[in-house]
Amino acid sequence: MKRGILLIKKFFALLLIFGIALGCTACFLKEDNNTSTKTETTSPFVEEDDSFTDIDIKDEEKSEYYTPVDITIGYDSLETEEQRSCYKSLVESISEVSDEVTDNGNYPCKLVTLEDVVLTQSEIRLVLSAVKMDNPMLFWLTDNFGYSNTNGYTAIQLYSYETPEKIRSMQNKLMKKVSKFVTSVDSGLGEYEREILAHDKVIESCEYADNVKQAEDDYLAFTPYGVLVKGSAVCEGYAKCFQYFLSQLGIKSGTILGMGSKELHMWNVVLIEDCWYYVDPSWDDGKAYEKYDYFNITTDVLLNDHTISGEYSSYTSDEICGANGETAVNFNLFIPECYSNDENYYVKSAGHFTDLYSYDNPDMVNLLYDCANRKDKYFHIYIDPLYLEFTNAVEQLFSTGDQLFFTYIDTVNSMYPNNYIDKDNIYIVKKEKLSVVTVKLSYQ
């Protein structure tokens, strides 16, 4: 082992420092915009083993009713034993951080050295992406890394934004927030019900950080710490917090990189009842009537306004590393096909309209009655595309046809709910891509 360390010291002068494109900034991914490399002439880390402090993070309280699942999508995507060995070493390195700050204002994690292993830069980026995918709570880890892969060895240097002492203090605050939510979830809930609770908790915990455009503005906005402690985050923070909540409630999920509204973006993919679904919690954090528009949607629905980045294997090494002055691409480790509607929010929770001449529709009436009793502001109608054309159905419900929805209101009001619906003050929002009409209700 001494031989390896001596060689590492000798060639670490050739350490190349990169910014890895792994995160999002206000729905802009933290791209490696400066793709040129620079050579460090002095070692940017503290070499003595006793200069590193083990963070020794305490686990949060676990749910009494649900068994957490390990997040392994990243690890499972790795292609070789050498990559998997590197992954394990990096995870260990991240928990040991130096108190000595570098010239760039960060704190080195313990150097990873792999003897008799030579990984390319693109492989290192793959492994780092896998580590970040599987460990969404690593709020202190920067996107910069250094590496050298000469003389039969690979050395990788990661960096922390904070000192070990600061990390421990911040982590304790974060874990208290996580524990409070996880232990509050009642027993006997299905995966869908637990997923809803996690989704709503993320959205209720913070506001979208519109003023944050890059990590330098506020790196915590890209982390669960930003969501739960600071109450301000961007899409990456939402997605990672949601992913971690789900893992603690026994639900498998991951994060997805791509474009949304022509901006770089991150969202989630979630496994519910053995089917994959897309969820975009940051886009659900907008107007109240849109709160579940991106909850358990299919690939076809997602692609109306999102573009999914390709998988790692679909890009060349130059594209992944940003060679020749080009920006390094953002890639995904896992892209499942999401084809089921069964666990979609509106399919499960909205009133279903399947017959243009369903004048009674007791299921719709009962849901609307419950809505009136609660004095809900919004009522959702799912127009089943298997049976009806959307525009014709909307007209039959509200305008040129029989205006059936107003018939349903009359029926509900005749049932003496706690609050009478004012049918003269009804407004609708048509969401044709979702096959949904959202009705804004008023009460007398």
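Now for a look at the structure at hand.

Here is what the cut-offs are and how they apply
- Residues numbered from 1 in each chain as written.
- Predicted model: local features only at pLDDT ≥ 70, side-chain atom pairs only at ≥ 80, totals over all residues.
- Heavy atoms only, no water.
- Salt bridge = Lys/Arg side-chain N within 4 Å of Asp/Glu carboxyl O.
- Helix = DSSP H or I, 4+ residues; strand = E, 2+ residues; numbered from the N terminus.
- Buried < 20%, exposed > 50% of the residue type's maximum accessible area, 1.4 Å probe, protein only.
- Expected span 1.5 Å × (residues − 1).
- Pairing = 2+ DSSP bridges.
- Axes fitted to C-alpha atoms, helices over the stretch in contact; angles between N-to-C directions.
- Contact = heavy atoms within 4.5 Å.

1. A closer look at the pattern of salt bridges
Where side chains of opposite charge bring their charged atoms close, a pairing between them can arise.
Piece 1. Enumeration according to the criterion identifies 12 salt bridges in this entry.
Piece 2. Glu-236 is the salt-bridge partner of Lys-240, the closest N and O atoms lying 2.6 Å from each other. Residue Lys-240 and its partner Glu-236 are both found in helix 8 (residues 235–248); the two are separated by 4 residues, about one turn of the helix. Residue Lys-240 shares its accessibility class with Glu-236, and that shared class is buried.
Piece 3. Note that Asp-376 is salt-bridged to Arg-374, the shortest N-O span being 2.8 Å.
Piece 4. Given the relative accessible area of 55%, Arg-374 is considered exposed.
Piece 5. One network of salt bridges, in which partners are shared, links Asp-200, Glu-204 and Lys-291.

2. Things to note about helix 6 (residues 191–205)
Side chains three or four residues apart in an α-helix point the same way, a direct result of the helix having 3.6 residues per turn.
Piece 1. In a regular helix each residue adds 1.5 Å, so 15 residues correspond to 21 Å; helix 6 covers 21 Å between its end C-alpha atoms and thus fits that length.
Piece 2. All of the buried residues in helix 6 are Tyr-192, Arg-194, Glu-195, Ile-196, Ala-198, His-199, Asp-200, Val-202 and Ile-203.

3. Details of the sheet that holds strand 13 (residues 253–260)
To summarise the sheet geometry, strands pair through backbone hydrogen bonds and adopt either a parallel or an antiparallel arrangement.
Piece 1. Within the open sheet, the 5 strands sit side by side as 16-15-14-13-17. Their pairing is antiparallel. The two strands at the open ends of the sheet, each matched to only one other strand, are strand 16 (295–297) and strand 17 (306–308). Ignoring which end each strand starts from, the neighbouring axes of this sheet average 45° apart.
Piece 2. Examined bridge by bridge, strand 13 and strand 14 (residues 263–272) share 8 bridges and lie antiparallel to one another. The partner of Ile-256 across the bridge, within strand 14, is Trp-267.
Piece 3. Contacts from helix 8 reach strand 13, strand 14 and strand 15 (275–279), with the element oriented near 15° to strand 14.

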